[in-house]
Amino acid sequence: MSSNQDLIGIIQAKLSSGETASSCHEASLMQGWVRASRILALVEHENEWALFIFISSRMPPEVFTDLAIERVIPVDSDFKCEIDAGEQSGDVYVNISSRKLKLLFEMIPGIKTNNFVSEIMRSMEALMKLRGPPPEFQWLHKYSGSTSNRNSADCDPAPVDAADVDVTKGAKTVAEKMLDIDSPDIVVPRQSIAQGATPIAARESVIRYQMSMKEDDYTFTETLRVFIGTWNVNGLPPNASLSPWLASDMEPPDLYAVGFQELDLSKEAFLFNDTPREEEWRKAVIAGLHPAAKYRQVALVRLVGMMLILLVQEKHEKHVRNVAWETVGTGIMGKMGNKGGVGIRVEIHNTSICFVNSHLAAHVEEFERRNQDYHDICSRLSFSKFVPTKCIKDHDQVYWLGDLNYRITEMEPRIVRDLISHNSLSALLECDQLNRQRQHKNVFDGYREGPITFKPTYKYDPGTDDWDSSEKNRAPAWCDRILWRGDGMEQKEYRSHPILRTSDHKPVSALFESQIRVIDVVKYRKVHEEVMKKLDKLENEFLPQVTVDNTEIIFDIVRFLEPQSQELIIANTGQVPVDFEFIKKLDDSKYCKEWLNIDPAASSIKPGEKCDVKLELFVDKKSASKLNSGEDKLYDILVLHLDGGKDIFITVTGNYERSCFGSSLEALVHISVPVREIPIGKLVELENVREAPGGMEPYPIPKEIWFLVDHLYRHGLKKQNLFLLTGLHSELIAIRNWLDNGSSEPLPGSLYSIAEALLLLLESTAEPIVPFNLHSVCLGAATNYLQCKQIIMQLPEFRRNVFLYLCFFLQELLSHANENGLDAKTLATVFGAIFLRDPPRVSARGRVNPAVMDRKKASFVYHFLVNDLSDYVMSKSLHLSGTS
Amino acid sequence: MAKKTYDLLFKLLLIGDSGVGKTSILFRFSDDAFTSTFISTIGIDFKIKTVELRGKKIKLQIWDTAGQERFHTITTSYYRGAMGIMLVYDVTDERSFENIVKWLRNIDEHANEDVEKMILGNKCDIDSKRAVNKDRGEAIAREYGVPFLETSAKANTNIDKAFNDLATAILDKFAGKEPGDAPDRVMVDTRRGDTSRRGCC
Ligand SMILES: Nc1nc2c(ncn2[C@@H]2O[C@H](COP(=O)(O)OP(=O)(O)O)[C@@H](O)[C@H]2O)c(=O)[nH]1
Ligand SMILES: [Mg+2]
């Protein structure tokens, strides 16, 4: 909340004295198709309210100079605020409109939005309750300039000069000047999109907004002849045909709205709102309608003596929608139904129309009560079946009829009658209270009334055309009136019908030719389709887009333990920030093969920017054996996934040069030449065909192991920390080359490197010396030398040979313990891990404590380092001193 | 009252040999354009397009796949979840037509069982190099009980129809299954954004 207070403070600094920002809120303005940040503030000045829209150079603004006023919208009778809350989507859309200006704001749902919107509503209510002339908003004059020189990068097109807007009405009010009408054209502020997260607004609100902006493109107007009638029947039943009133025109009207007052003056009617007169008059109306057309009753509403019937020609019935009616009593205690109003609202085609029949307070001097009744009806007559509820003013066209009860004042009844008899109506009309009150804008502001050319319709002796002859001797008056408000409405007739003498009032009628907006279905479809197309196009355009400089990464020759890398450049060529990620495909456990490393494997790229991704290919002890056996290849398809967008396939290939590292013991013992001299096919065959191929007596142990061990035996027995210190990478490569290619040179590299090469050779095989299937048996037997011995004796020949050969060698090393500082436990631990390498996955299983496993492996090997091995049947060539 | 941004979302997939015109078909449908340069699709891309069918606003999310042999295994993993699949061959390329059977088998193995299918013989604007007659396309479609159209992304022949037909088939099945579930029709009346309970037109 305090941050809101800060914001109010900043806004307040932007305002002039006497103006108070009462409430403010951050919102997104829908500009065409995308959102732009705005700050809204409700500003009050001497009971007049206006909505200020600010653009801020930063969000949130820190000082008042960050703010620029984009627009000021006075909260006047044209101001509308509608909420359109998404059920699931959670977006709240607030439609602010005033005359032709329509703005759509998106707000974050929550208490702040609720508070702000209810503040707006409150300011609108305050306007309704305002008595006297409507507010003039003089204080907004000084802001009118700021609406046209907005200078933000992402603002919409140059506003239409306010001065051009409507010259027909003469001098414009401040309010009109404030509203520069936006072109509904679609403008996409690409810059702001590039910075923003998700710019495309929820679709439906935008479509609706766009469609309403383009209404003229898919609607045409149709003229409707509207007959409005009003008659105060003085509690009497019908006693003559109504056709002189209702069917007085040549052509049949399209629509009838017929209102009565004082339908029934009985107590029952007043107290119980029940009267037989309703049906009697309804029938009389129907019987009196124009005979040249067929009519259907759309609605009938009655409150005590006020009744309103709406009928349309049959042919229009199907275009009439959203019918609703409502009543408001303003009589005794401000709510009884002897006075007040009844209303019916409908939509015909695409135009909303409201009809109000009212009977305002009586008595000559009570014109202020009548004004009051009018305002009460305006504020209380709302059609609540709509959300938000619709009031009278929320309609495109309003017809207001009734016994408004305004009289002619400041004139003797005798003079009035005299003037009437001389047909000098104009002098009388000047003294008409309604005319005067309207001139002062105290009542019916915004409404129009046609010129009155008929005699006052009140008060006659019933059954005659004679003025009231009772003692009261009332002055004649134009009590019965018809006013209207809205565009495209033209009054053709305004008259009374003195021939109907049932009542002390004469009926009045008016005939209008009103323009109704009709949706051209074909055009609507087309516009709608265009709008959707545009939205689809934008949505497609704003999908994440990247280009990669290469989708086929080729590594040339790849060798064991020699990393190589290549760069992949991912460029964001789209309009929105991209989050990319390499994803797993199919059933793979990782997004790339184990010999590949991708850095970064996921990241974000801003539009126009690039990201270098390093692909490092590295064949090590884990992956070498699979490549040797052909189980795996240097071939992978990477799936580069863009969040919310497409996937790009990147193929990685390489040419692997096979090595003795990664070869199985079984294969190596069958190779008498360096590995590189064997054709690949043969190598793969050796790896996969287990029985001894003919042609060569296999070695008891692989010659590569022998070379390494023999070298250490000759030169390294006294070396300290052998197998404990690591060698040099470059020397390992040299040793690999020496072993794989063969050489007449001595074995290169330090003793440490050679020791490490030996370990690496043993670790790179597909299976360790003790095969995986014996792994757990060995661990179980670890404490029992005899059992361990038995297991070893049962090993396949070459494995047993290698195992024992290495143990002999390790015992040799230990016999020089005082020089090399090695001990059996340490070596047992090092070689335990190698002889009894964990099967894949076992190590990942969290249940088994790895430290316990390591200890068991060590104790398994330990037996063979401390016990005499001479009783093992050994082939001659296994002796360490044997010759090559 | 909230309005749905669309009534339904259909995920469609385009498959077929490389070069038959899948990307061009999608480009024609979404952007109403055509280019004769061939850039092989290396991956999976999609575009969206909203269509109105049976008074419902349907958002089509159309996935274009790489047709190259080496990507076949990967692309099959995108079949799942597709509600409709277009199998495209090139009327000037016999092989691409023969492979339709292979693609159909692929669908059987990897796509949802009730996926709607459609076979398109594309590039029907080219007469001179035609290798596959329309009859043969129709015959194979009949054999497998799949609707068939000859299309041209270049001449814009049957492109809209192909997608509309496929989407309609999905819609009809969808509507048949869950009659009560179909979301409300979005109102045509946009004037006040009000809560009209009835539509017009
Ligand atoms: N004449 C003609 N050429 C087409 C048509 N559709 C696609 N092509 C061309 O065929 C080539 C391959 O099209 P493409 O859409 O990239 O095929 P994809 O690999 O299936 O996506 C491109 O050169 C296109 O211009 C068509 O309807 N008629
Ligand atoms: Mg393609």
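All values reported here derive from a predicted model rather than from experimental measurement. (Residues numbered from 1 in each chain as written. Chains lettered and ligands numbered in written order. Predicted model: local features only at pLDDT ≥ 70, side-chain atom pairs only at ≥ 80, totals over all residues. Heavy atoms only, no water.)

### What about the coordination of the magnesium ion (ligand 2)?
Residue and element names in this part refer to chain B. Going by this rule: Keep in mind that water is not among the atoms, so a site may look incomplete; donors are the N, O and S atoms within 2.8 Å of the metal, or 3.2 Å for Na, K and Ca. In this text, helices come from DSSP runs of H or I with a minimum length of four residues, and strands from runs of E with a minimum of two, each type numbered from the N-terminal end. Relative accessibility thresholds used throughout: buried, under 20% of the residue-type maximum; exposed, over 50%; partly exposed, between the two (1.4 Å probe, protein chains only).
Around the magnesium ion (ligand 2), the donor atoms from the protein are Thr 23 (OG1) and Thr 41 (OG1), and they sit 2.0 Å away. Here Thr 41 lies in the loop between α1 (22-31) and β2 (43-53) and Thr 23 lies in helix α1, a separation of 18 residues in the sequence. Residue class for Thr 23 comes out partly exposed when judged on its relative accessible area of 37%.

### Considering the sheet that holds strand β13 (residues 340-348) of chain A
Residue and element names in this part refer to chain A. What counts here: Note on pairing: DSSP must find at least two bridges between two strands before they are called paired. Axis definition: a line fitted to C-alpha atoms, over the contacting stretch in the case of helices. Angles run 0 to 180 degrees between N-to-C directions.
Here five strands make up an open sheet; going across it, the order is β12-β13-β14-β17-β18 and the pairing mixed. With one partner strand each, in any of the chains shown, β12 (320-329) and β18 (480-486) form the two edges of the open sheet. Adjacent strand axes in the sheet meet at a mean angle of 10°, parallel and antiparallel pairs treated alike.

### A look at the packing of aromatic side chains
Where we set the bar: Pairing of aromatic rings covers Phe, Tyr and the six-membered ring of Trp, with a centre-to-centre limit of 6.5 Å; geometry is then stacked below 30 degrees between planes, edge-to-face above 60, and tilted otherwise. In our convention, an over-ring charge means Lys NZ or Arg CZ found within 6 Å of a ring centre and within 35 degrees of that ring's normal.
Within the structure shown, the criterion is met by 38 aromatic pairs over all chains. Through a chain of ring-to-ring contacts, the aromatic side chains of Phe 723, Tyr 785, Phe 803, Phe 809, Phe 831, Phe 835, Phe 860 and Phe 864 of chain A assemble into a single cluster. A cation sits over an aromatic face here: Lys 506 of chain A above Tyr 460 of chain A, 4.7 Å from the ring centre. We note Lys 11 of chain B situated over the ring of Trp 63 of chain B; from NZ or CZ to the ring centre the distance is 5.3 Å.

### Points about the site of ligand 1
Residues and elements named next belong to chain B. Where we set the bar: One heavy atom within 4 Å of a molecule or strand makes the whole residue count as near it. We call two N or O atoms a polar contact when they sit within 3.5 Å, provided that within protein one can donate a hydrogen and the other can accept it, with sequence-adjacent residues counted only if both atoms are side-chain atoms. For the area figures, the Shrake-Rupley method with a 1.4 Å probe applies, and any residue is considered shielded solely by the protein chains shown. Under the grouping applied here, Gly and all other residues not named as nonpolar or charged are polar, the nonpolar ones being Ala, Val, Leu, Ile, Met, Phe, Trp, Tyr, Cys and Pro and the charged ones Asp, Glu, Lys and Arg.
What surrounds ligand 1 is a group of 21 residues, the closest being Gly 19, Lys 22, Thr 23, Ser 24 and Asp 125. Note that an oxygen atom of ligand 1 is positioned 2.8 Å from one of the backbone N or O atoms of Ser 36. Burial of ligand 1 by the surrounding chains reaches 92%, relative to a free accessible area of 570 Å². Tallying contributions element by element places α1 first for the shell around ligand 1, with three residues. For the shell around ligand 1, the per-class residue count stands at five nonpolar, 11 polar and five charged.

### Comments concerning helix α19 (residues 729-741) of chain A
Residues and elements named next belong to chain A. Which entries qualify depends on this criterion: A helix is expected to span 1.5 Å for every residue after the first. By the convention used here, residues are in contact when the closest approach between their heavy atoms is within 4.5 Å.
Compared with an ideal rise of 1.5 Å per residue, which puts 13 residues at 18 Å, α19 spans 18 Å between its outermost C-alpha atoms and is within 8% of the ideal. Burial in α19 covers these residues: Glu 731, Leu 732, Ile 733, Ile 735, Arg 736, Trp 738, Leu 739 and Asp 740. Where α19 is buried, its residues touch β22 (552-559), α18 (703-715) and α20 (751-763). Once α19 ends, the next one or two residues include Gly 742, with phi positive near 75°.

### Topic: a negative patch on the surface
The condition is simple: Each patch groups residues whose relative accessible area exceeds 30% and which form no salt bridge, using 9 Å between like charges and 5 Å between nonpolar side chains of Val, Leu, Ile, Met, Phe, Trp and Tyr. What counts as a salt bridge is simple: a side-chain nitrogen of Lys or Arg found within 4 Å of a carboxyl oxygen of Asp or Glu. Only four residue types enter the tally: Lys and Arg on the positive side, Asp and Glu on the negative side; His and the chain ends are excluded. The location of each charge is read from NZ of Lys, CZ of Arg, CG of Asp or CD of Glu.
A cluster of like negative charges, contributed by Asp 216, Asp 217, Glu 529 and Glu 530 of chain A together with Glu 52 and Asp 160 of chain B, occupies part of the molecular surface. Sorting the residues of the negative patch by element identifies α6 (215-218) and α14 (521-541) of chain A as the ones contributing at least two each. With respect to the helices, strands and loops of the structure, Asp 216 of chain A is situated in helix α6.

### Focus: the nonpolar core
Residue and element names in this part refer to chain A. Our working rule: Only buried residues count toward a nonpolar core. Its members are Ala, Val, Leu, Ile, Met, Phe, Trp, Tyr and Cys residues joined through side-chain atoms within 4.5 Å.
Grouped together as the largest cluster of nonpolar side chains are 107 residues, with contacts concentrated most on Phe 723 and Phe 860. Setting aside its immediate chain neighbours within four residues, Phe 723 contacts Leu 712, Ala 755, Leu 758, Leu 759, Phe 809, Leu 810, Leu 813, Leu 827, Val 830 and Phe 831. Counting residues in each nonpolar core, the second largest holds 44 residues, with Val 304, Val 312, Ile 348 and Phe 512 among its members.

### Remarks on the pairing of strand β20 (residues 508-519) of chain A
All names here are of chain A. Of all 12 residues in β20, 10 are buried; the element is thus mostly enclosed. Taken together, the 12 bridges between strand β8 (residues 219-232) and β20 define a ladder with antiparallel strand orientation. Looking across to β20, one finds that Phe 220 is bridged to Val 518. Judged from the seven bridges that link them, strand β19 (residues 489-496) and β20 form a sheet pairing that is antiparallel. The residue of β20 that forms the bridge with Glu 490 is Glu 513.

### Considerations on the side chain of Ser 625 of chain A
Residue and element names in this part refer to chain A. Summarising the element assignment, Ser 625 is placed in helix α15 (residues 624-629). By relative accessible area, which is 8% here, Ser 625 ends up buried. Once residues lying within four places of it in the same chain are set aside, the contact partners of Ser 625 are Gly 662, Ser 764, Thr 765 and Ala 766.

### Section: the confidence of the model for chain B
All names here are of chain B. This is how it is decided: Residue-level confidence of the predictor, termed pLDDT, takes values from 0 up to 100.
Here chain B averages 85 in pLDDT, and 84% of its residues register 70 or above. Low pLDDT (under 50) marks residues 1-5, which in the prediction has 17 contacts with non-local residues, meaning those over four places away or in another chain. Counting interchain partners and residues more than four positions distant, the pLDDT-below-50 stretch residues 178-201 has 57 contacts. Here the complex is predicted with pTM 0.71, and the ipTM for its interfaces comes to 0.87.

### Some remarks on the packing of α19 of chain A against α20 of chain A
Residues and elements named next belong to chain A. Note the cut-off: It is the rotation of the near helix from the far one that decides the hand of a crossing: anticlockwise by less than a right angle makes it left-handed, clockwise makes it right-handed.
Packing of α19 against α20 leaves a shortest axis separation of 9 Å and a crossing angle of 65°. The interaxial crossing formed by α19 with α20 has right-handed handedness. Residues Glu 731, Leu 732 and Ile 735 of α19 lie in contact with α20, whose contacting residues are Ser 753, Ile 754, Glu 756 and Ala 757. Here the residues of the contact of α19 with α20 sort into four nonpolar, one polar and two charged.

### A look at the packing of α18 of chain A against α20 of chain A
Residue and element names in this part refer to chain A. Rules: Reported orientations rely on four angle classes, namely roughly parallel under 35 degrees, roughly antiparallel over 145, roughly perpendicular from 65 to 115, and oblique for the rest.
The interhelical angle for the contact between α18 and α20, taken along N-to-C directions, is 150°, at an axis separation of 10 Å. The orientation of α18 relative to α20 falls into the category roughly antiparallel. Note on packing geometry: the crossing formed by α18 with α20 is left-handed. Residue-level inspection shows Glu 704, Ile 705, Leu 708, Val 709, His 711, Leu 712 and His 715 of α18 in contact with α20, the latter providing Leu 751, Ile 754, Ala 755, Ala 757, Leu 758, Leu 761 and Leu 762. Residue composition of the contact of α18 with α20, by class: 11 nonpolar, two polar and one charged.

### A look at unusual backbone geometry
The general pattern is negative phi for most residues beyond glycine and trans for most peptide bonds. Residues and elements named next belong to chain A. With omega at -10°, the peptide bond leading from Met 59 into Pro 60 counts as cis. Within the fold, Pro 60 resides in the loop between β3 (48-56) and β4 (67-74). Omega for the bond connecting Tyr 458 with Lys 459 falls within 30 degrees of zero, at 0°, which places this linkage in the cis form. Along the chain, the position of Lys 459 falls in the loop between α13 (433-439) and β18. One non-glycine residue, Phe 137, lies in positive phi territory at about 60°. Of note, Asn 473 is a non-glycine position whose phi angle comes to about 45°, a positive value. Position of Asn 473 among the secondary structure elements: in the loop between α13 and β18.

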